[in-house]
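Fold and geometry: a report
Each chain, letter by letter, is given below.
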Amino acid sequence: MDAIESRQNFMLYDGSAWKRGKDSAFALADNVARPSIDCELRNVDRNGRLVAVCGKGNQHTNAQLVRNGWALTYTD
């Protein structure tokens with residue numbers, strides 16, 4: 001997944017700014033605040049960042065954040 005950057009803001013239709021990046025970071029923190037989650041390393045991207053699938057049991061953190069609009073599906 002490619003999460004929204006924590007400092008990234010979006011402009012709403014009424015012209016006001018929405019600190020969506022901050023809200024996205026909080027959504028991720030809420031999702032991983034469980035006792036523990038497991039991550040399976042899949043790759044390293046061109047910027048040297050780890051690419052992994054994370055979750056616990058059948059609850060996949062990556063998919064949940066994408067489904068709820070807090071991240072985009074990462075493609076090469």
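Since the structure is predicted, the reported quantities are computational estimates derived from the model, not experimental observations.

Parameters and conventions
- Counting from 1, residues in each chain are numbered in the order their sequence is written.
- For this predicted model, a pLDDT threshold of at least 70 governs which residues receive local features, and a threshold of 80 or more governs which side-chain atom pairs are given and counted, while totals over whole chains, interfaces and linings are taken from all residues.
- With hydrogens and water excluded, all non-hydrogen atoms of the structure serve as input to the side-chain values.
- Secondary structure counts use DSSP, requiring at least four H or I residues in a row for a helix and at least two E residues in a row for a strand, with both numbered from the N terminus.
- A 1.4 Å probe rolled over the protein chains alone gives each residue an accessible area, and that area as a share of the maximum for its type sets the label: buried under 20%, exposed over 50%, partly exposed in between.
- Contact between two residues is taken to exist if any of their heavy atoms lie within 4.5 Å; hydrogens are not considered.
- For every residue, the predictor reports its confidence as pLDDT, a number between 0 and 100.
- Two strands are said to pair when DSSP picks up at least two bridges between them.

Attention now moves to the overall build of the protein. On a plain count of helices and strands, the protein comes out with two helices and seven strands. The order of α-helices and β-strands along the protein, N terminus first, is β-β-β-α-β-β-β-α-β. In the protein, which comprises 76 residues, the proportion classed as buried is 20%. At a minimum sequence separation of 6, the contacts of the protein that also span at least 24 residues come to 36%.

To continue, consider the confidence of the model for the protein. Of the residues in the protein, 88% reach a pLDDT of 70 or more, and the chain-wide mean stands at 79. Taken element by element, the protein is modelled with least confidence in strand S1 (residues 2–3), mean pLDDT 71, and with most confidence in strand S4 (residues 38–44), mean pLDDT 89.

Let us now look at the environment of Glu5. Structurally, Glu5 can be placed in the loop between S1 and strand S2 (10–11). Here Glu5 falls in the partly exposed class, since its relative accessible area comes to 48%. Linking Glu5 and Ala25, residues 20 residues apart in sequence, is a C-alpha distance of 8.1 Å.

This part takes up the environment of Lys19. Secondary-structure assignment places Lys19 in the loop between strand S3 (17–18) and helix H1 (20–32). Measuring from C-alpha to C-alpha, the distance between Lys19 and Gln8 comes to 6.7 Å, with eleven residues separating the pair along the chain.

Turning to the pairing of strand S5 (residues 50–56), a few remarks are in order. Where S4 and S5 come together, six bridges link them in antiparallel fashion. Bridge assignment links Val44 to a residue of S5, and that residue is Leu50. Joining the antiparallel neighbours S4 and S5 is a turn of five residues, in which Gly48 adopts a positive phi near 85°. Where S5 lies against strand S6 (residues 59–60), two bridges are found, and the strand directions are antiparallel. If you follow Lys56 over to S6, its bridge partner there is Gln59.

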